[in-house]
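# Report on the structure
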Amino acid sequence: MRKIAISKNTIRGFAAGVIVATGVLSLTYYGTASNAPEAKADSTSDAAASPTAIKKIDMPEPQSGTSTSMAKPTYNMTLVIGKGMSPEDAAAKLEENKIIENKKYLVKYLNDMSWMGSVRSGTYEVNSDMTIKEIAALLAHKKVQK
């Protein structure tokens, strides 16, 4: 292990660095904090002066017996996993095609279930109505756990 020699110049350099860092942080903090209230006041006065600043969106009234939420579209995809393709790559393809919201969820689920090594090459029919559990089970050739 290497010994570090502490000399006057080392301490002076450290002190100079602390002073410079403190100066930069104080300029950043006090420089932006003084401008923030002015910018906020300007934006509210502009919105009040302009009648088109706020747009109202008319939503149709829900009919009796129907759900108030809008039905999201269903996306279908034929996923082809080739030899040497990682589960992360497959998850990325699913995310690109809007089958899953975030590839990290699928990869995490595969890791948690210890199924990363079980994902095999092949062709899979998937859609956006499937859950992460269902997709993971399909890719890993496992039964869906409920």
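Since the model is a prediction, treat every value here as computed from it, not as a measurement.

## Here we look at the confidence of the model for the chain
Model confidence for the chain is summarised by a mean pLDDT of 77, while 71% of its residues fall at 70 or above. Predicted confidence is poor over residues 33–56, with pLDDT under 50, and the contacts of this stretch with residues over four places away or in other chains come to 1 contact.

## Examining the side chain of S128
Along the polypeptide, S128 turns up in the loop between β2 (122–127) and α4 (132–140). Among the residues examined, S128 registers a relative accessible area of 9% and is labelled buried. Of note is the side chain of S128, whose polar atom sits 2.8 Å from the backbone nitrogen of Y75. Setting aside residues no more than four positions away along its own chain, S128 makes contact with K72, P73, T74, Y75, K98 and I99.

## Section: the pattern of salt bridges
In the structure shown here, the tally under the stated rule is 1 salt bridge. As a salt-bridge pair, K108 and D112 come within 2.9 Å of each other at their nearest N and O atoms. Taken together, the residues span about one helical turn, with K108 and D112 both in helix α3 (residues 103–112) at a distance of 4 residues.

## Digging into the packing of aromatic side chains
Across all of its chains, the model carries 1 aromatic pair by this definition. Between Y109 and W115, the ring centres sit 6.0 Å apart and the planes meet at 85 degrees, which makes this aromatic pair edge-to-face. Judged by relative accessible area, which is 15%, Y109 ranks as buried.

Calculation notes
- Residues numbered from 1 in each chain as written.
- Predicted model: local features only at pLDDT ≥ 70, side-chain atom pairs only at ≥ 80, totals over all residues.
- Heavy atoms only, no water.
- pLDDT = per-residue confidence, 0-100.
- Contact = heavy atoms within 4.5 Å.
- Helix = DSSP H or I, 4+ residues; strand = E, 2+ residues; numbered from the N terminus.
- Buried < 20%, exposed > 50% of the residue type's maximum accessible area, 1.4 Å probe, protein only.
- Polar contact = N/O pair within 3.5 Å; in protein donor to acceptor, adjacent residues only side chain to side chain.
- Salt bridge = Lys/Arg side-chain N within 4 Å of Asp/Glu carboxyl O.
- Phe/Tyr/Trp six-rings, centres within 6.5 Å; stacked < 30°, edge-to-face > 60°.

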